[in-house]
Amino acid sequence: MGRGRVQLKRIENKINRQVTFSKRRSGLLKKAHEISVLCDAEVAVIVFSNKGKLYEYASTDSSMDKILDKYERYSFAERSVVSADLDAQGNWCYEYSKLKSKIESIQKNQRHLMGEQLEGLSLKEIQQLEQQLDNSLKHIRSRKNQKMTDSISALQKKEKELQEQNKLLEKEVRHLTLALSEKRKAITQQSHWEQIEAVPATSPSTSNFLITANSLPTLNIGTIQAGQNGGGDTTPSEVRFHQWMLRH
């Protein structure tokens with residue numbers, strides 16, 4: 001006798017249901033791989049378990065995103081037959097559903113990265129998550145070190161510029177100090193000469209220099225001068241000395 005037709009209904013036993021799901025899932029993914037290889041077809045399979053765990057398959061030469069984008073374009077082309085209003089409304093609904101799915105996927109990955117809701121992940125998925133975290137941490141540390149190195153280089157460059165500016169300022173200060181000192185010296189000398197020039201002509205310190213030689217008293221000294229004829233006659237003669245020529 002032939003095998004009877006199996007009635008399809010929900011398996012009530014939880015363990016049997018899980019075993020059947022694993023077998024049928026593996027068979028489904030295997031058939032999808034076979035049809036993609038044998039018929040050179042683009043195949044994408046998406047399966048969610050009752051716990052919300054995702055199982056997917058995409059043909060080797062394609063990716064899931066590429067196949068889904070192609071499916072979206074094909075679906076949009078079919079919906080273009082409908083009226084403009086219904087088409088616009090359907091497009092908005094489709095975009096809403098697409099964005100909602102992406103947001104849910106991102107939130108789920110974020111919770112996994114935060115160490116939450118890891119109960120439904122397999123060992124391989126946890127290892128992949130750990131590897132992803134390690135790679136992210138390496139990139140973060142590398143970026144931090146690069147930022148610190150750039151900051152130190154900028155500070156060193158700024159320090160060098162400030163030192164050069166300080167040297168220029170010190171040089172200018174020295175020049176200004178020297179110029180100010182010379183200017184003060186010139187002002188002092190000019191003031192001294194002005195004071196000397198401002199002294200009155202009748203001042204006791206300079207009156208002796210203003211007296212002429214003719215106004216000074218003289219001293220007469222008599223001498224004997226021989227005659228022109230060689231005789232013994234002599235005549236007195238006067239020699240005048242000014243008082244300022246005699247030593248006290």
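Note that the coordinates shown come from a computational prediction; the quantities given were computed from them, not determined experimentally. (Residues numbered from 1 in each chain as written. Predicted model: local features only at pLDDT ≥ 70, side-chain atom pairs only at ≥ 80, totals over all residues. Heavy atoms only, no water.)

Looking only at helices and strands, the protein chain has five helices and four strands in total. Element order for the protein chain, N to C, with α for helix and β for strand: α-β-β-α-α-α-α-β-β. Across the 248 residues of the protein chain, 8% fall into the buried class. For the protein chain, restricting intrachain contacts to residue pairs at least 6 apart in sequence, the fraction spanning at least 24 positions comes to 24%. Of the roughly 22500 Å² of accessible surface on the protein chain, a fraction of 56% belongs to carbon and sulfur atoms. (Helix = DSSP H or I, 4+ residues; strand = E, 2+ residues; numbered from the N terminus. Buried < 20%, exposed > 50% of the residue type's maximum accessible area, 1.4 Å probe, protein only. Contact = heavy atoms within 4.5 Å. Areas by Shrake-Rupley, 256 points an atom, 1.4 Å probe, with all protein chains shown as cover.)

Let us look at the pattern of salt bridges. This model, assessed by the stated rule, comprises four salt bridges. Across the pair E42 and K70 runs a salt bridge whose closest N-O atoms are separated by 3.0 Å. With a gap of 28 residues between them, E42 in the loop between helix 1 (14-38) and strand 1 (44-48) and K70 in helix 2 (residues 64-79) connect regions that are remote in the sequence. Residue class for E42 comes out partly exposed when judged on its relative accessible area of 37%. (Salt bridge = Lys/Arg side-chain N within 4 Å of Asp/Glu carboxyl O.)

Here the focus is the nonpolar core. With six residues, the main nonpolar core is built from A32, V43, V45, V47, Y55 and Y57. Contributions of two or more residues to this core are made by strand 1 and strand 2 (54-58). Sequence-distant contacts of V47, defined by excluding residues within four places in its chain, comprise F21, L28, K53, L54 and Y55. (Core = buried A, V, L, I, M, F, W, Y, C linked by side-chain atoms within 4.5 Å.)

Looking at the protein chain, the pLDDT average stands at 76 and 71% of residues meet or exceed 70. Across residues 201-237, where pLDDT falls below 50, the model places 37 contacts with residues more than four positions away in sequence or in other chains. (pLDDT = per-residue confidence, 0-100.)

Burial along strand 2 is one-sided: Y55 and Y57 are buried, while L54, E56 and A58, pointing the other way, are not. As judged from the five bridges shared by strand 1 and strand 2, these two strands associate in the antiparallel manner. Following the sheet pairing, V45 is matched in strand 2 by Y57. Hairpin connection of strand 1 to strand 2: five residues between the antiparallel strands, including G52 at a positive phi of 90 degrees. (Pairing = 2+ DSSP bridges.)

With that out of the way, let us pick up a nonpolar patch on the surface. Together, I46, F48, L54 and L68 give the surface a local cluster of nonpolar side chains, amounting to about 350 Å² of exposed area. Residue position: L68 is located in helix 2. You can call L68 partly exposed: its relative accessible area is 30%. (Patch = residues over 30% accessible without salt bridge, like charges linked within 9 Å, V, L, I, M, F, W, Y side chains within 5 Å.)

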